[in-house]
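Breakdown of the fold
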Amino acid sequence: MASSISSAAAFALIPRYQMTKLDLKERCFRVSLPRPTNVKSFPSTSTRAVMQVGTTVKKEDLLGLDIVTETELSEKGFWGLRKTKLVCTVGPACCSYEQLERLALGGMNVARLNMCHNTKDWHQDVIRKIKKLNLEKGFCVSVMMDTEGSQIHVADHGAPTSLKAEDGSIWFFTTEQFNGCRPFTVQASYEGFAEGIKEGDELVVDGGMATFEVIERIGNDLRCKCIDPGLILPRAKLSFWRDGKLVDKHDKLPTLSTKDWSDIEFGISEGVDFIAMSFVKDADVVRHLKNYLSTKNKFIKVLAKIESLESLHKLEEIVESSDGIMIARGDLGVEIPLEQIPTVQEQIINLCRKLNKPVIVASQLLESMIEYPTPTRAEIADVCEAVKQHADALMLSGESAVGCFGEKALSVLRTASIRMEREETDQVPHRELGFSAPDQIAEEICNSAARMANSLGVDAVFVYTKHGQMASLMSRNRPKPPVFAFTSEKETQMSLNLLWGVTPVLVDLSDDRDINIEKTTHLIKSKGMLKEGDVVLIVSDVMPTQGARTIYQSLQVKVIC
Ligand SMILES: Nc1ncnc2c1ncn2[C@@H]1O[C@H](COP(=O)(O)OP(=O)(O)O)[C@@H](O)[C@H]1O
Ligand SMILES: C=C(OP(=O)(O)O)C(=O)O
Ligand SMILES: [K+]
Ligand SMILES: [Mg+2]
């Protein structure tokens, strides 16, 4: 693969960023106003991808860098790398080998499998295809399994389409199992769904798609009158409200059901990289799963999904106990008023920055693209706001799983987030996002490193890391140059896929810091990615030499010669 394509070609999309190789001083003190460009913003994936679907890559050409980053680097240089990570939900619309390859080429960092849908065999087939793509084609796509969790929703009973509820119509909500359709009858997924529910309570479908008033409770069934007409979609979520407040039913439901445990076993045996836990209530359940995983595969990271009122009440302990967070706005929007979501999202992201955990913003980012080839202006604003709020990753759900324009949606996410990252890089002065206690040497080194990287205008930050800790501390500070995280652990490489601005590189590291630095700069230089005069900031924490107790955590500036 050509490695010396000029950066100008890559930046033809956004002409004002042709300035990748400005001299250091000019780059640091440049003041730029946000200027619109008249260049088409959302290229089709087919015109963008330089690597073609079907190309096979020789392993020795890879240097432990994945093929997508390597292509991007050779086209655009260090300053052209995208920083926000992208997660795609895999569903029937994108599950073939070629479709997954196109998503990987389009920048998918993590593939999400939602265990609410489809069979284990189907999920196994997808996971194996992704691993095959990584192995044979040089991608680095991590796999996330998302548990079904216990939630009350409309059961699958063979009715393929949505039901329309008219104003004033009378409906039965039952737990009785039946196949096919019964007029004005909806089957609920959970036996105890009517427990504690009283006449006069409101039953809300999908956070407001339709609303019913409970007029009678008959055993496990509810007779309800539609008071706000709308649609009941397959697997629509059901919630109850009394006097304007949510009647919380999650306390009766286990966070991890028997099916979830069986799915987790499946995930462990298939070697997933992340398990996203639905409807987390508190830190105990996160710790419980992490303890369990530590006996099976301690490298699997546990992400807690914030999607219930209860999880908001215990947010700090949940964030602290987990390896990362997903702001699952779909269900969250069922439990809190929609107008609160933007503020809650910002608060969760701020807490994740403070406690140094990666955070994914999920659901409905580009919902209209399930059906239409262009996003709404409001959707673009939502994507940009999430980047501005310092999210690590953005997620596609139905857009990629069942949508008609999944690859285009991914390209829209990519283009919009790159644009927003650049606005921030150009305009926003260095902000201290990392907090550190006086005894936290690694944190203090990384806080200083980010400040130095920005003020010196270095070309890249190199981090040498075993478990990814130093890399995450660097990412948290949102340095302007890209962070290359060199690690000799495959699992660390895969888990770094969720961290903003971090490019994981798998490489054999020795116990000698200087040898590591020499070796990696030589490798990168040999690919034409570093040139004489380039400046690299080096952060290191992997030198426990044989018998020695000291771990050298260090920071240095290296001018390439
Ligand atoms: N593995 C799958 N198999 C079939 N359909 C899927 C799968 N994953 C997702 N989907 C479809 O994509 C839609 C959006 O995905 P997601 O947001 O993950 O689920 P949900 O809508 O259940 O919260 C789902 O409603 C479902 O129709
Ligand atoms: C991501 C979410 O979870 P799921 O799709 O599993 O409901 C959500 O609720 O936004
Ligand atoms: K789920
Ligand atoms: Mg959910």
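Treat the numbers as computed from the prediction; the structure is a model and nothing was measured.

**Here we look at the sheet that holds strand 1 (residues 85-89)**
Ordered by their spatial adjacency, eight strands build a closed barrel running 1-2-3-13-14-15-16-17, and the pairing between neighbours is parallel. This sheet shows a mean twist of 25 degrees between the axes of neighbouring strands, independent of strand direction. With three bridges connecting them, strand 1 and strand 2 (residues 110-114) associate as parallel partners. Paired with cysteine 88 across the bridge in strand 2 is alanine 111. Its contacts with the sheet put helix 6 (residues 120-137) on strand 2 and strand 3 (142-146), and the angle it makes with strand 2 is roughly 175 degrees.

**A closer look at the coordination of the magnesium ion (ligand 4)**
In this structure, Glu307 (OE) and Asp331 (OD) serve as the protein donors to the magnesium ion (ligand 4), at separations of 2.0 to 2.1 Å. In this structure, the magnesium ion (ligand 4) lies 5.4 Å from the potassium ion (ligand 3). Of this pair, glutamate 307 sits in the loop between strand 14 (301-306) and helix 9 (309-313) while aspartate 331 sits in helix 11 (residues 329-335), and the two are 24 residues apart along the sequence. Accessibility classification places glutamate 307 together with aspartate 331 in one group, the buried group.

**Side note on the coordination of the potassium ion (ligand 3)**
All of the protein donors around the potassium ion (ligand 3) are Asn114 (OD1), Asp146 (OD) and Thr147 (O); their distances to the metal are 2.7 to 2.9 Å. Summarised as a motif, the one-chain spacing of the donors to the potassium ion (ligand 3) is N-x31-D-T. Of the residues examined, threonine 147 reaches a relative accessible area of 1% and is grouped as buried.

**Things to note about the site of ligand 2**
As a structural note, the neighbourhood of ligand 2 is formed by Arg112, Asn114, Lys237, Lys305, Glu307, Met326, Ala328, Arg329, Gly330, Asp331 and Ser363. Protein contact buries 91% of the 290 Å² of open area that ligand 2 shows by itself. The set of elements that each furnish at least two residues to the shell around ligand 2 consists of strand 2, strand 15 (324-328) and helix 11. Considering each element in turn, the shell around ligand 2 owes the most residues, three residues, to helix 11. Across the shell around ligand 2, the residue classes tally to two nonpolar, three polar and six charged.

**A word on the nonpolar core**
Side chains that are nonpolar tend, in soluble globular proteins, to be buried together. Counting 73 residues, the largest nonpolar core has Val90, Ile325, Leu366 and Leu394 as the members making the most contacts within it. When sequence neighbours within four positions are dropped, the list of residues in contact with isoleucine 325 reads Leu303, Ala304, Ile306, Ile318, Val319, Ile348, Cys352, Pro358, Val359 and Ile360. Grouped together as the second largest cluster of nonpolar side chains are 25 residues, Trp171, Ala194, Ile232 and Phe240 included.

**Overview of the packing of helix 16 (residues 441-456) against helix 17 (residues 469-476)**
Contact geometry of helix 16 with helix 17 gives a least axis separation of 9 Å together with a crossing angle of 45 degrees. Put simply, helix 16 runs oblique to helix 17. In this structure, the crossing between helix 16 and helix 17 has a hand that is right-handed. Seen from helix 16, the contacting residues are Ala442, Glu443, Ile445, Cys446, Ala449 and Ala450; seen from helix 17, they are Met470, Leu473, Met474 and Arg476. Across the contact of helix 16 with helix 17, the residue classes break down as eight nonpolar, no polar and two charged.

**Regarding the packing of helix 7 (residues 258-270) against helix 8 (residues 283-296)**
In a packed pair of helices, the relevant descriptors are the angle between the two axes and the axis-to-axis distance. In the contact formed by helix 7 and helix 8, the axes pass within 12 Å of each other and the chain directions differ by 40 degrees. Both helix 7 and helix 8 take part in a crossing whose hand is right-handed. Across the interface between the two elements, Trp261, Ile264, Glu265 and Ile268 from helix 7 touch His288, Leu289, Tyr292, Leu293 and Lys296 from helix 8.

**Re the side chain of serine 150**
For serine 150, the position within the fold is in the loop between strand 3 and strand 4 (163-165). In terms of polar contacts, serine 150 uses its side chain to reach the backbone carbonyl oxygen of proline 254, at 2.6 Å. Those residues in contact with serine 150, other than ones at most four positions away along the chain, are His250, Leu253, Pro254, Thr255, Ser257 and Phe279.

**Concerning the confidence of the model for the protein**
Summing up the model confidence of the protein, the mean pLDDT is 84 and the portion of residues at 70 or higher is 84%. In this model, residues 39-50 is a region of pLDDT below 50 whose contacts with residues beyond four sequence positions or in other chains number 21 contacts. Here the prediction assigns the complex a pTM of 0.86, and the interface score ipTM is 0.99.

**Examining the site of ligand 1**
Taken together, 15 residues surround ligand 1, and among them Arg112, Asn114, His117, Asn118 and Trp122 come closest. At 2.8 Å, a side-chain N or O of arginine 112 approaches an oxygen atom of ligand 1. Separating an oxygen atom of ligand 1 from a side-chain N or O atom of histidine 117 is a distance of 2.8 Å. Considering ligand 1 on its own, with 520 Å² of exposed area, one finds that the protein chains cover 72% of that surface.

**Brief notes about unusual backbone geometry**
The phi angle at asparagine 356 is positive, at roughly 55 degrees, despite the residue not being glycine. Note on placement: asparagine 356 falls in the loop between helix 12 (341-354) and strand 16 (359-362). Its identity is not glycine, yet arginine 478 carries a phi of approximately 50 degrees, on the positive side. Mapping arginine 478 onto the fold places it in the loop between helix 17 and strand 19 (483-487). Here arginine 478 falls in the buried class, since its relative accessible area comes to 10%.

About the criteria used
- Residues numbered from 1 in each chain as written.
- Chains lettered and ligands numbered in written order.
- Predicted model: local features only at pLDDT ≥ 70, side-chain atom pairs only at ≥ 80, totals over all residues.
- Heavy atoms only, no water.
- Pairing = 2+ DSSP bridges.
- Helix = DSSP H or I, 4+ residues; strand = E, 2+ residues; numbered from the N terminus.
- Axes fitted to C-alpha atoms, helices over the stretch in contact; angles between N-to-C directions.
- Contact = heavy atoms within 4.5 Å.
- Donors = N, O, S within 2.8 Å, 3.2 Å for Na, K, Ca; no water.
- Buried < 20%, exposed > 50% of the residue type's maximum accessible area, 1.4 Å probe, protein only.
- Near = heavy atom within 4 Å.
- Areas by Shrake-Rupley, 256 points an atom, 1.4 Å probe, with all protein chains shown as cover.
- Nonpolar A, V, L, I, M, F, W, Y, C, P; charged D, E, K, R; others polar.
- Core = buried A, V, L, I, M, F, W, Y, C linked by side-chain atoms within 4.5 Å.
- Parallel < 35°, antiparallel > 145°, perpendicular 65-115°, else oblique.
- Left-handed = near helix turned anticlockwise from the far one by under 90°.
- Polar contact = N/O pair within 3.5 Å; in protein donor to acceptor, adjacent residues only side chain to side chain.
- pLDDT = per-residue confidence, 0-100.

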